[in-house]
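If you want the building blocks of each chain, they are given just below.
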Amino acid sequence: MQDELFFNTGFSPVGILDKLYQEAGVEENYYWSPAVPPVMRCDVSQEIRDYFKKLINVPFNDCGFLKTYPNTVYPIHKDSFRITALNMTLMDYNSDFLTQVVEVKSGKVYKYPVTYVRNEFTILNVSQLHHVTNKSQTLTRIILSMGFKDSDYSKLLQLHSEGKLFNAI
Ligand SMILES: [Fe+2]
């Protein structure tokens, strides 16, 4: 069931967008993280962390930008260090970018493309199998990703449905 795997909140953190794009563009801040498989990431500044601490009503752990280079695949996996993610793509819609959550039920494999919308948060159940493909020959895909170790997908979804996931700031 797709709604148990990801959910687009329609919420955009408009007060910090300019700063997010500025930091995401600093090439030298990126490094290969020890996640399995490794991912090219960059951690956000304290300023952005502090902003999100006020904005988001649940404590998060990691917060940074993830890159998928042109013509690469980030293979199928469950996340190493977190059970739920709040993700936001910095990219316009492009059919060359594909994130799929994969569900195996009664011996059948179901694949659900994640419907990311630029500048809007999507809650993603990263304790389920998922993978990323970037078929573009030229564009690097960048997303903002916040990870939760202690709050599961249903908790974030429930808070959002009650209008309590994002604070007015
Ligand atoms: Fe992942």
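Here's what I pulled together on the structure shown here. (Residues numbered from 1 in each chain as written. Predicted model: local features only at pLDDT ≥ 70, side-chain atom pairs only at ≥ 80, totals over all residues.)

1. Some points on the overall build of the chain
Stage number 1. Across its full length, the chain carries three helices and 11 strands.
Stage number 2. The secondary structure elements of the chain, listed N-terminal to C-terminal, are β-α-β-β-α-β-β-β-β-β-β-β-β-α.
Stage number 3. A globule of 169 residues ought to have a C-alpha radius of gyration of about 15 Å, and the chain, at 15 Å, matches this closely.
Stage number 4. C-alpha atoms of the chain, sized along the principal axes, occupy 45 × 40 × 30 Å.
Stage number 5. When the 169 residues of the chain are sorted by exposure, 28% land in the buried category.
Stage number 6. For the chain, the share of sequence-separated contacts (at least 6 apart) that also reach a separation of at least 24 residues comes to 81%. (Helix = DSSP H or I, 4+ residues; strand = E, 2+ residues; numbered from the N terminus. Rg over C-alpha atoms; globule rule 2.2 N^0.38 Å. Buried ≥ 20, exposed ≤ 12 C-beta atoms within 10 Å, placed from the backbone. Contact = placed C-beta atoms within 7 Å.)

2. Here we look at the nonpolar core
Stage number 1. In terms of nonpolar packing, the biggest core is built from 30 residues, with Phe6, Phe65, Ile123, Leu124 and Ile143 touching the most fellow members.
Stage number 2. Of all elements in the fold, only strand E1 (6-8), strand E3 (39-43), strand E4 (63-68), strand E6 (84-89), strand E9 (122-125), strand E11 (141-148) and helix H3 (153-161) reach the threshold of two or more residues within this core.
Stage number 3. In terms of residue count, E11 provides more of this core than any other element does, five residues in total. (Core = buried A, V, L, I, M, F, W, Y, C linked by C-beta atoms within 7 Å.)

Interpretation in functional terms is not warranted from these geometric data alone.
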